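Structural overview for review
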Amino acid sequence: MLKVNIICIGKIKEKYFTDAIAEYSKRLGAFCKFQIIELSEERIKSNAPNQAKIDEVLLAEGKRILQKISPSDYVAAMCIEGKLISSEELSKTLENAAVIGKSTVNFIIGGSYGLSDEVKSRADLRLSMSRMTFPHQMARVILSEQIYRAFEIATNGKYHK
């Protein structure tokens, strides 16, 4: 069974987000081993951080993200400059990852400053949800739903119409 992870920076505190993610996690159990791996967010002790401090944060968070990824994993980095794809294309992406022998697919969501260049370079796919900006917590809900939808599409389920 394919293992699908969302590796993300920060914790979700809002119950409505955690409830939505829990529902999609439950549904995904029929299709894959689904897990959300939350890593701690780096803090900057300044209200107006300079680029050097932001780069330090990205590097530290990136190192922790990369420690969670195996060399044989398929990696999709969620980033603003990523490719816009349809739900059907996401379904094909998951199918293709399994066909080429990937047993684990990792979707990476960075912190408030995004992802390090090292994480983006490791990615097999740079993926954008939209040209709009979403809170990182909401991005987890949307991504969880889209992963569920992708599996429903692949199995001709009733969910995707």
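Figured I'd write up the structure that's included with this text. What you see is a predicted model; the values in this text were computed from it and never measured.

**Some words on the sheet that holds strand β5 (residues 125-128)**
Pairing is parallel in the open sheet, where five strands are placed in the order β2-β1-β4-β3-β5. Two strands in the sheet have a free side with no partner beyond their single neighbour: β2 (33-39) and β5. Averaged over all pairs of adjacent strands, the angle between strand axes in this sheet comes to 30°, irrespective of strand direction. Relative to strand β4 (residues 104-109), strand β3 (residues 74-84) runs parallel, the two sharing five bridges. When the bridges of β4 are listed, Ala77 appears paired with Ile108.

**Side note on the packing of aromatic side chains**
A full pass over the atoms with the stated rule returns five aromatic pairs. Measuring from ring centre to ring centre gives 6.1 Å for Tyr24 and Tyr148, while their planes differ by 45°; the resulting arrangement is tilted. Here Tyr24, found in helix α1 (residues 15-28), pairs with Tyr148, found in helix α5 (residues 136-154); they are 124 residues apart in sequence, far enough to count as distant. Taking relative accessible area as the criterion, Tyr24 reaches 15% and is therefore assigned buried. Classification of Tyr148 by relative accessible area gives buried; the value is 8%. Ring geometry for Phe31 versus Phe151: centroids 5.5 Å apart, planes at 15°, classification stacked. Taken as a pair, Phe31 in the loop between α1 and β2 and Phe151 in helix α5 lie far apart in primary sequence, 120 residues in all.

**Here we look at unusual backbone geometry**
Working note: non-glycine residues mostly have negative phi, and peptide bonds are mostly trans. For Asn156, which is not glycine, the phi dihedral falls at a positive 55°. Of note, Asn156 is situated in the segment after α5. Of the residues examined, Asn156 reaches a relative accessible area of 71% and is grouped as exposed.

**Observations concerning helix α3 (residues 87-99)**
Its 13 residues place the ends of α3 18 Å apart at the C-alpha level, agreeing with the 18 Å of an ideal helix rising 1.5 Å per residue. Restricting attention to buried positions, one finds in α3 the residues Ser87, Leu90, Ser91, Thr93, Leu94 and Ala97. Projected down its long axis, α3 carries its buried residues within an arc of 155°, all on one side. Along its buried surface, α3 packs onto β3, β4, β5 and α5. Just past α3, the residue Gly101 takes up positive phi, approximately 95°.

**Some thoughts on the pairing of β2**
Pairing of strand β1 (residues 3-9) with β2, which is carried by seven bridges, proceeds in the parallel orientation. Along β2, the bridge assignment pairs Ile7 with Ile37. After leaving β1, the chain enters α1 and then returns to the sheet as β2, a path that is right-handed.

**Re the pattern of salt bridges**
Taken as a whole, this structure holds 10 salt bridges when the rule is applied. For Arg43, the salt bridge goes to Glu41, with nearest N and O atoms at 3.6 Å. The structure contains a network of salt bridges with shared partners spanning Lys11, Glu38 and Arg140.

**Regarding α1**
An ideal rise of 1.5 Å per residue puts 20 Å on 14 residues; α1 measures up with 20 Å between its terminal C-alpha atoms. Within α1, burial applies to Phe17, Ile21, Tyr24 and Leu28. Taken down its axis, α1 places every buried residue within 65° of arc, on the same side. Residues of α1 that are exposed and point over 90 degrees away from its buried face: Lys15, Tyr16 and Lys26.

The rules behind each value
- Residues numbered from 1 in each chain as written.
- Predicted model: local features only at pLDDT ≥ 70, side-chain atom pairs only at ≥ 80, totals over all residues.
- Heavy atoms only, no water.
- Pairing = 2+ DSSP bridges.
- Helix = DSSP H or I, 4+ residues; strand = E, 2+ residues; numbered from the N terminus.
- Axes fitted to C-alpha atoms, helices over the stretch in contact; angles between N-to-C directions.
- Phe/Tyr/Trp six-rings, centres within 6.5 Å; stacked < 30°, edge-to-face > 60°.
- Buried < 20%, exposed > 50% of the residue type's maximum accessible area, 1.4 Å probe, protein only.
- Expected span 1.5 Å × (residues − 1).
- Arc of directions from axis to C-beta.
- Contact = heavy atoms within 4.5 Å.
- Right-handed = clockwise from strand over helix to strand, strands pointing away.
- Salt bridge = Lys/Arg side-chain N within 4 Å of Asp/Glu carboxyl O.

It is worth stressing that arrangement in space is one thing and function is another; only the former is reported here.
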